[in-house]
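Listed below, chain by chain, are the residues.
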Number of protein chains: 2
Amino acid sequence: MILTVTLNAAVDVTYHVDEIRPHSSHRVRDVTLRAGGKGVNVARVLHALGHEVVAAGLAGGPDGDVLRADLARSGITASLVPIDGHTRRTLTVADADATVFNEPGPLVTPDEWRSFLTVYESLLENARVVVLSGSLPPGIPDDAYAELGARASRADVPTVLDADGAPLLLGLAGRPAVIKPNADELARLVPDAEPLEAARTLRAAGAKAVVASLGPEGLLAATGSGDWRAGPARRVAGNPTGAGDAAVAALAAGLIAGQDWPELLRHAVALSAAAVLTPTAGGFDADAYRRFLPDIRIEAR
Amino acid sequence: MILTVTLNAAVDVTYHVDEIRPHSSHRVRDVTLRAGGKGVNVARVLHALGHEVVAAGLAGGPDGDVLRADLARSGITASLVPIDGHTRRTLTVADADATVFNEPGPLVTPDEWRSFLTVYESLLENARVVVLSGSLPPGIPDDAYAELGARASRADVPTVLDADGAPLLLGLAGRPAVIKPNADELARLVPDAEPLEAARTLRAAGAKAVVASLGPEGLLAATGSGDWRAGPARRVAGNPTGAGDAAVAALAAGLIAGQDWPELLRHAVALSAAAVLTPTAGGFDADAYRRFLPDIRIEAR
């Protein structure tokens, strides 16, 4: 199975309003709640593709229960270690556009983090690939992804790491099979460098491969067997939220299938573009995915 | 004891942010959750004043549990009938000012409403006054306050009704001891009339007394034993949220104590002004309450 780790999972809430006006009162037309967080979105995509997946993470408080219930309703196997802190919400107020409010994550105690590591070790026994996604909640050490990556390496399980800032930089010590920064993250991590040069620098720093997402232009990969650009034949208009998570899902699935890099990138770009066509993260247009596949342009660099 | 009824209770959530900017992403500095809804706020004030109070209503879903837990933590006895629907939230995004999002209330089934009526009947046996507050969630009939008022009348228990629109107008058939519209509600219900004339009209329509809250100017009362204006000696600056609920709490407490109208209004204005000094609904500044009491100006009309 594919193991996804979401240490800062969330309940994604959407309020539909007519128009957001600061410092006034709004009637919310309807409220939707959905299990979220980058690793949960990846699990959702993999589950829809028919892969066996376990969504691991931490959950606490009333919204921890909402998270568990929504995953159960979606048919996704979850392994969420209970915490005293309360699972956070992300709130999107949707009118013609989106206004987002991100709650802070729960404080995680050292004991809770140790419990997670124990559960993680046992899940590794059946994992063929591990996906490590998203931010770390307060209390989790910044080198958490290095620790999780090193444990996966010892169990001979490759990892895909999708994080930012210190957790990503320190995570390189865990020797991830792939990291997936986006263009902004790449520029922040390696300033004053061309994207490909920056990707190569991160590879030299410990990642076996770097696949950077460049928004509508597709993906840029620096790998041990060559460098590539891969992009859709045409620009796809829609909601880019979750496109990166779909790319990560494709990379994880492709690693298991033993796809070579051009094939891996073809699937990642097609699935990512198909995710842009659906309004919520973790969803994708299955017909579009199949339709896009033959038209993805792959170019060696 | 004093029985408060909040059929559309809520969890009041506050997000503190630096500055609300539509169509951008916000980091929420901290999140507070608190049991809310007008009747719950009234119960909170009465509990702080040392009165025996039972907060009755409906609660369901994860936020129904949050509501119960917060009332328990506050030491307020609750009698919340379980419903399948989910208790709503009100969200205040606070920067220098407040932006409010009101979720729709849960759908209440006819069976749940009947269950509430059964519980209400048994609570009436020990109630000395009933406070009926706030909006009605979907599924509750518009004449709910008429029904609750009539049942209280049959049990010889006076009611204080604080509602708006159809539930208030239809509620007059329940012969409430006092209704407490604010100036806007008064103007909507009886257009093109002076406030005192409008209050007298509502009294003629069924309310034994009408106490209208006129914001910083205080209260206007049309009663069977005369009409009064009552106001604070000086304007009080602060947060007016919950000031009306504090006035209702004072009216309920005063009805039990058998205070005459000038004394009732004195307490209601002083408590209301003391509530303006605290940032959250259901709170008041106890010292200010005592300090304001002798200075309230009461004027017969």
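Going by the structure above, here's the rest.
The structure presented is a predicted model; accordingly, all values stated were derived computationally and were not measured.

Colleague: Mind showing me how you'd approach the overall build of chain A here?
Modeller: From N to C terminus, chain A includes ten helices and 15 strands. The C-alpha atoms of chain A give 19 Å as radius of gyration, which agrees with the globular expectation for 301 residues (19 Å, within 12%). Along the first, second and third principal axes, the C-alpha set of chain A runs to 55 × 45 × 40 Å. When contacts within chain A are restricted to residue pairs at least 6 apart in sequence, long-range pairs at least 24 apart make up 67% of them.

Colleague: How should helix H7 (residues 195-204) of chain A be read in this particular structure?
Modeller: Residue pairs three or four apart in sequence face the same way in an α-helix, which turns once every 3.6 residues. Residues and elements named next belong to chain A. When we look at burial in H7, the residues that qualify are Ala198, Ala199 and Leu202. Relative to the axis of H7, the buried residues are bounded by an arc of 100° and lie together on one face. Exposed residues lying more than 90 degrees from the buried face of H7 are Glu197 and Ala204. Residues of H7 that are buried in the fold lie against strand S11 (178-179), helix H6 (183-189), strand S12 (210-213) and strand S13 (219-223). Downstream of H7 by one or two residues, Gly206 has phi in the positive range, about 145°.

Colleague: Quick question: what am I supposed to make of the relation of the copies chain B and chain A here?
Modeller: Note on the chain copies: they are related by a rotation about an axis and a translation along it. For the pair chain B and chain A, the relating rotation is 180°, the translation along its axis is 0.0 Å, and the fit reaches an RMSD of 0.0 Å. The symmetry that links the two subunits is that of a two-fold axis. Among all C-alpha atoms of chain B, that of Pro62 of chain B lies closest to the rotation axis, at 2.8 Å. When the interface residues of chain B are mapped onto chain A, 100% of them again fall at the interface, so both copies present the same face.

Colleague: How do you make sense of the sheet that holds strand S4 (residues 30-36) of chain A when you look at a structure like this?
Modeller: Whether parallel or antiparallel, the strands of a sheet pair through hydrogen bonds between backbone atoms. If you trace the five strands from one edge of the open sheet to the other, you get S4(A)-S2(A)-S7(A)-S8(A)-S3(B), paired in mixed fashion. Whereas interior strands pair on both sides, the edge strands pair on one side only; in this sheet they are S4 of chain A together with strand S3 (25-27) of chain B. Each neighbouring strand pair of the sheet contributes to a mean axis angle of 20°, computed without reference to strand direction. Where strand S7 (residues 88-94) of chain A meets strand S8 (residues 98-102) of chain A, five bridges bridge the pair, whose relative direction is antiparallel. When the bridges of S8 of chain A are listed, Thr90 of chain A appears paired with Asn102 of chain A. Packing against the sheet, helix H2 (residues 61-73) of chain A makes contact with strand S2 (10-16), S4 and S7 of chain A, and its axis sits at approximately 80° to S4 of chain A.

Colleague: I would appreciate a short explanation of the sheet that holds strand S7 (residues 88-94) of chain B in the present structure.
Modeller: If you trace the five strands from one edge of the open sheet to the other, you get S3(A)-S8(B)-S7(B)-S2(B)-S4(B), paired in mixed fashion. Because the sheet does not close on itself, it has two edges, and the strands there are strand S3 (25-27) of chain A together with strand S4 (30-36) of chain B. The mean inter-strand angle of the sheet, taken between neighbouring strand axes irrespective of direction, is 20°. Against the sheet, helix H2 (residues 61-73) of chain B contacts strand S2 (10-16), S4 and S7 of chain B, and its axis sits at roughly 80° relative to S4 of chain B.

Colleague: Where do I start with helix H8 (residues 243-257) of chain B in this structure?
Modeller: Between its first and last C-alpha, H8 of chain B extends 21 Å over 15 residues, near the 21 Å set by a 1.5 Å rise per residue. Extensive coverage of H8 of chain B is indicated by the burial of 13 of its 15 residues.

Colleague: What is the right way to look at the interface of chain B and chain A in this model?
Modeller: The extent of an interface is frequently quoted as the accessible surface area lost upon association of the parts. Counting residues at the interface gives 24 residues for chain B and 24 residues for chain A. Those elements giving two or more residues to the side of chain B that touches chain A turn out to be S3, S4, H2 and strand S8 (98-102) of chain B. Among the elements that make up the side of chain B that touches chain A, the one with the highest residue count is S8 of chain B (five residues). For the side of chain B that touches chain A, the per-class residue count stands at twelve nonpolar, six polar and six charged. Here S3 of chain A pairs with S8 of chain B via three bridges, running parallel.

Colleague: Looking at this structure, how should I read the packing of helix H1 (residues 38-48) of chain A against helix H8 (residues 243-257) of chain A?
Modeller: Axis angle and axis distance: for two packed helices, these are the angle between their axes and the distance between the axes, and together they describe the pair. All names here are of chain A. In the contact formed by H1 and H8, the axes pass within 8 Å of each other and the chain directions differ by 60°. The angle between H1 and H8 places the two elements in the oblique class. Crossing angle aside, the handedness with which H1 passes H8 is right-handed. For the pair H1 and H8, contact is made by Lys38, Asn41, Val42, Val45 and Leu46 and by Asp245, Ala246, Val248, Ala249, Ala252 and Ala253, respectively. Considered class by class, the residues forming the contact of H1 with H8 number eight nonpolar, one polar and two charged.

Colleague: Before we go on, may I ask you to explain the environment of Arg151 of chain A in this structure?
Modeller: Residues and elements named next belong to chain A. Take Arg151: it is sitting in helix H4 (residues 144-154). Arg151 gets classed as partly exposed once you count the C-beta atoms within 10 Å, which come to 17. In this structure, the C-alpha to C-alpha distance between Arg151 and Leu124, residues 27 residues apart in sequence, is 8.5 Å. Those residues in contact with Arg151 that sit more than four places away from it in its chain are Tyr120, Glu121 and Leu124.

So, how was this worked out
- Residues numbered from 1 in each chain as written.
- Chains lettered and ligands numbered in written order.
- Predicted model: local features only at pLDDT ≥ 70, side-chain atom pairs only at ≥ 80, totals over all residues.
- Helix = DSSP H or I, 4+ residues; strand = E, 2+ residues; numbered from the N terminus.
- Rg over C-alpha atoms; globule rule 2.2 N^0.38 Å.
- Contact = placed C-beta atoms within 7 Å.
- Buried ≥ 20, exposed ≤ 12 C-beta atoms within 10 Å, placed from the backbone.
- Arc of directions from axis to C-beta.
- Least-squares fit on C-alpha atoms with pLDDT ≥ 70 in both.
- Pairing = 2+ DSSP bridges.
- Axes fitted to C-alpha atoms, helices over the stretch in contact; angles between N-to-C directions.
- Expected span 1.5 Å × (residues − 1).
- Nonpolar A, V, L, I, M, F, W, Y, C, P; charged D, E, K, R; others polar.
- Parallel < 35°, antiparallel > 145°, perpendicular 65-115°, else oblique.
- Left-handed = near helix turned anticlockwise from the far one by under 90°.

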